[in-house]
Amino acid sequence: MLTAINDTARIARAGWTLARHDALIPREYAHLAPAPLNALASVLRLGAANGTKRPGERLAIAFERLGPAYVKLGQFMATRPDIIGFELADDLARLQDKMPPFPEAEARREIEKAFGKPVDDLFTDFSAPIAAASIAQAHKARLKDSGEEVAVKILRPEIEQKAAREFRAFDRAARVLQSASKTIRRMEPVKFIETLKASAAIELDLRMEAGAASEIKEILAANPKTRAPKVHWPLTARRVLTVEWIDGVSVSDFAELERQGVDRKALANLVVDIFLDQALNAGFFHADMHQGNMIVDGEGRLALIDFGIMGRLDEDTRRTFAEIIYGFISRNYRRTADVHFDAGYISPEHSREEFAQALRAVGEPLQGRNAAQVDMSRVLQQLFDVTDLFDMHLRPELVLLQRTMVTVEGVSRMLDPEIDMWAAATPTVKSYIENSLGPRAQAEKLRAATRKAMDVAPKLPHYVEEIGKAAEEFSAMRREEKTPAPRHNLGVWLGLSAVVIAAAAFFFR
Ligand SMILES: Nc1ncnc2c1ncn2[C@@H]1O[C@H](COP(=O)(O)OP(=O)(O)O)[C@@H](O)[C@H]1O
Ligand SMILES: [Mg+2]
């Protein structure tokens, strides 16, 4: 009972803040809500702030006001343009994850708690906070024993408990929403919040970030033009992460890059290159590659930092992704279409030719044009329109990949407005295709398959029976899948969810 009241109070506070920014039932979508609610919305909207901004911008401002859990919710929503629409996702992606720092004394207490020793026994020159975000803040220091410079990231005090409370309220709101409307139910809000919780749980354990940093360091080691910080494991715990300090210029500090005469064109290419290399060759990629998370060091190497949000792709997805890009580069739309069908992204009753035609409409306008002439977000919007048209089931990791691609494109375009993204992508994609799909790889696979076949030959009769069963299950599954995929309507979703939050807040009061 008490938690219900508590949750409701939280939802009500959120509803109020959203309303004050006209982000609860945005006027742009109000016409989709039933008339009485529309009237209520007009009243709530009176005197709302930021009237000239887009709905997504207003939502982002409200989320920043509402604190860490909402910032995470917004960032998470930004990774799903396939659900919430491209414009809103884009506006939310610009959400500023900056918060006032917590006091240095508290940071020191956290370190002492984690390692059972006073900070001065572990570090010297422990600095005041240098950057603070919703989940953690960073300090600069030196290791006491070796004198090496390090960055120390520390979780906000009690952030886990605070996040848990807000997420419980989200969950309650999502359940109310889910039972309120079929349209909303199709968006699976409860599952959405569950996934958000799971991804936040990873960010709330800095050992996971340390693991990611270490893995990316290994991946980048092959490229002498890049680097990632080394993890200092003895000074890393759930709430504290200690990594090598990277001395250099942040890629967001454009003026300083200029002053140091950094070759911007080469850097832009390198950004594209390392993204594709991680995604294709390693299947593990930094999914937050904005300019603030990249540093050019004293030797001109590009360093990645901040490994809180990562993406992982299995081999099939990687191959599909490479094939898709390669299809665009080589203008072989039929091949790209086949890849989509063969991967099961599109159900077989659609026409391959028509899908190829839709892809051609996306790809042809891009040929021979550089970044300055192409609006990549519009291209992606068009791609999502195509996926909607063909009831395509996008896997979340593929959406995260596409989203990261847009960020990467933005950074490289900022560095070199004339960059030709296709040309920049070609070498990595081509060599991946050659290595993983080329004749040598095929021969390797054949050899492995033959060896396996020899192993299993004696068990063959049993397998035949199993395969028969599986085939039956599969076709049954396919029949079920043929029910049309939900068409997501941002307006309806935003409007209705907002209304129900408001109503729930009112009734549970
Ligand atoms: N290894 C490092 N070397 C140099 N500066 C760092 C390092 N790690 C973090 N920083 C600085 O601290 C800031 C915040 O750290 P970051 O890991 O990006 O945390 P957040 O998740 O809050 O963005 C960075 O933008 C950068 O200025
Ligand atoms: Mg960062």
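Our structure's up above, just so we're on the same page.
An account of the accompanying structure is given in this report.

Calculation notes
- Think of each chain on its own: its residues are numbered from 1, step by step along the sequence as written.
- The order in which chains are written sets their letters, starting at A; the order in which ligands are written sets their numbers, starting at 1.
- Given that this is a predicted model, residues contribute local features only at a pLDDT of at least 70 and side-chain atom pairs are listed and counted only at 80 or more, while totals for whole chains, interfaces and linings are drawn from all residues.
- With hydrogens and water excluded, all non-hydrogen atoms of the structure serve as input to the side-chain values.
- Take the buried residues of types Ala, Val, Leu, Ile, Met, Phe, Trp, Tyr and Cys, join any two whose side-chain atoms come within 4.5 Å, and each joined set is a nonpolar core.
- Working definition: with a 1.4 Å probe on protein chains only, accessible area under 20% of the residue-type maximum means buried, over 50% means exposed, and in between means partly exposed.
- The secondary structure listing takes helices from DSSP runs of H or I that are at least 4 residues long and strands from runs of E that are at least 2 residues long, numbered from the N terminus.
- Any two residues whose heavy atoms approach within 4.5 Å are treated as being in contact.
- The near set for a molecule or strand comprises every residue that places at least one heavy atom within 4 Å of it.
- In the analysis that follows, any N or O atom pair within 3.5 Å is treated as a polar contact, provided that within protein one partner can donate a hydrogen and the other can accept it, and provided that, for residues neighboring in sequence, both atoms belong to side chains.
- Exposure was quantified through the Shrake-Rupley algorithm and a 1.4 Å probe, taking into account, for residues, occlusion by the shown protein chains and nothing else.
- Ligating atoms shown are N, O and S within 2.8 Å of the metal, or 3.2 Å for Na, K and Ca, and water is not included, meaning a site may look less than complete.
- Angles run from 0 to 180 degrees between N-to-C directions of axes, and those axes are lines fitted to C-alpha atoms, restricted for helices to the stretch in contact.
- The scheme is simple: roughly parallel for angles under 35 degrees, roughly antiparallel for over 145, roughly perpendicular for 65 to 115, oblique for anything else.
- Left-handed describes a crossing whose near helix is turned anticlockwise from the far helix through less than a right angle; right-handed describes the clockwise counterpart.
- Asp, Glu, Lys and Arg are counted as charged, while Ala, Val, Leu, Ile, Met, Phe, Trp, Tyr, Cys and Pro are counted as nonpolar; the rest, among them Gly, fall into the polar class.
- In this analysis, rings of Phe, Tyr and Trp, with Trp reduced to its six-membered ring, are considered paired at centre separations within 6.5 Å, and the interplanar angle assigns stacked below 30 degrees, edge-to-face beyond 60, and tilted for intermediate values.
- Both a distance and an angle decide whether a charge sits over a ring: NZ of Lys or CZ of Arg must be within 6 Å of the ring centre and within 35 degrees of the ring normal.
- Pairing between strands is defined by DSSP: at least two bridges between them are needed.
- Should a side-chain nitrogen of Lys or Arg be within 4 Å of a carboxyl oxygen of Asp or Glu, the pair is scored as a salt bridge.

Quick look at the nonpolar core
Counting residues in each nonpolar core, the largest one holds 112 residues, and the members touching the most others are Phe63, Leu73, Leu92, Ile216, Leu302 and Phe355. At 10 residues, helix H14 (residues 264-282) tops the list of elements feeding residues into this core. Apart from the residues lying within four places of it in its own chain, the contact partners of Leu302 are Lys225, Thr226, Arg227, Val251, Leu267, Leu270, Val271, Ile274, Met294, Ile295 and Val296. Within the second largest apolar cluster, 16 residues are counted, among which are Val119, Phe123, Leu235 and Val240.

Details of the environment of Ile274
With respect to the helices and strands, Ile274 occurs in helix H14. Taking the C-alpha atoms as reference points, Ile274 and Val408, 134 residues apart in sequence, are found 9.9 Å from one another. Once residues within four sequence positions are removed from consideration, Ile274 is found in contact with Leu220, Asn223, Thr226, Met289, Leu302 and Leu304.

Some remarks on the site of ligand 1
Among the 15 residues in the neighbourhood of ligand 1, the closest are listed as Lys153, Glu244, Ile246, Asn293 and Asp306. At a separation of 3.0 Å, an oxygen atom of ligand 1 approaches a polar side-chain atom of Lys153. In the model, an oxygen atom of ligand 1 is placed 2.9 Å from a nitrogen or oxygen of the Asp306 side chain. Considered on its own, ligand 1 offers 540 Å² of accessible surface; in the complex 76% of this is hidden by protein. Every element with two or more residues in the shell around ligand 1 is listed here: strand S4 (149-155) and strand S6 (240-244).

Examining the coordination of the magnesium ion (ligand 2)
For the magnesium ion (ligand 2), every protein donor is listed as Asn293 (OD1) and Asp306 (OD), and the spread of their distances is 2.2 to 2.3 Å. Placement of the pair is Asn293 in the loop between strand S8 (284-286) and strand S9 (294-297) and Asp306 in the loop between strand S10 (302-304) and strand S11 (310-312), with a sequence separation of 13 residues. Overall, Asn293 belongs to the buried group, its relative accessible area being 5%.

Focus on the side chain of His139
Relative to the assigned elements, His139 resides in strand S3 (residues 136-143). Here His139 falls in the buried class, since its relative accessible area comes to 0%. Engagement of the side chain of His139 in a polar contact is seen with the backbone oxygen of Ser127, the distance being 2.9 Å. Looking at His139, its side chain comes within polar contact range of the side chain of Gln137, at 3.0 Å. In this structure His139 touches Glu104, Ala107, Phe126, Ser127, Ala128, Pro129, Ile130, Val150, Ala151, Val152 and Ile154, once residues within four positions along its chain are discounted.

Focus on the packing of helix H4 (residues 68-78) against helix H11 (residues 189-203)
Between H4 and H11, whose axes approach to 10 Å, the crossing angle comes to 110°. Accordingly, the angle class assigned to the pair H4 and H11 is roughly perpendicular. In the crossing of H4 with H11, the sense of the turn from one axis to the other is right-handed. Here Lys72, Leu73, Phe76 and Met77 of H4 lie close against H11, whose contacting residues are Phe192, Ile193, Thr195, Leu196, Ser199 and Glu203. A per-class count over the contact of H4 with H11 returns six nonpolar, two polar and two charged.

Considering the packing of aromatic side chains
The geometry of an aromatic ring pair is captured by two quantities: the separation of the ring centres and the angle between the planes. Counted by the stated rule, this structure contains eight aromatic pairs. Centre to centre, the rings of Phe355 and Phe390 are 5.0 Å apart; their planes meet at 75°, and the pair counts as edge-to-face. Remark: Phe390 occurs in the loop between helix H18 (376-389) and helix H19 (396-415) and Phe355 occurs in helix H17 (residues 352-363); sequence separation between them is 35 residues. Here Phe355 matches Phe390 in class, with each residue buried. In this structure, Arg20 packs its charged tip against the face of Trp16, placed 5.4 Å from the ring centre. The ring centre of Phe284 lies 3.9 Å from the NZ or CZ of Arg312, which sits over that ring.

Overview of the pairing of S9
Going residue by residue along S9, you find Met294 and Val296 tucked away on one face and Ile295 and Asp297 tucked away on the opposite face as well. By the bridge criterion, three bridges tie strand S7 (residues 248-250) to S9 in an arrangement that is antiparallel. By the bridge assignment for S9, Val249 is matched with Val296. When S9 meets S10, the two strands line up antiparallel, connected through three bridges. Counterpart to Val296 in the pairing with S10 is Leu302. Counting the residues between successive antiparallel strands, the hairpin from S9 to S10 contains four residues, one of them, Gly300, with a positive phi of roughly 80°.

Some remarks on the pattern of salt bridges
In this structure the tally under the stated criterion is 38 salt bridges. Salt-bridge contacts for Asp316 lead to Arg319; the nearest nitrogen and oxygen are separated by 3.7 Å. Of this pair, Asp316 and Arg319 both sit in helix H15 (residues 315-329), three residues apart, roughly one helical turn. Bridged by salt links that share partners, the residues Arg227, Glu244, Asp297, Glu299 and Arg301 form one connected network.

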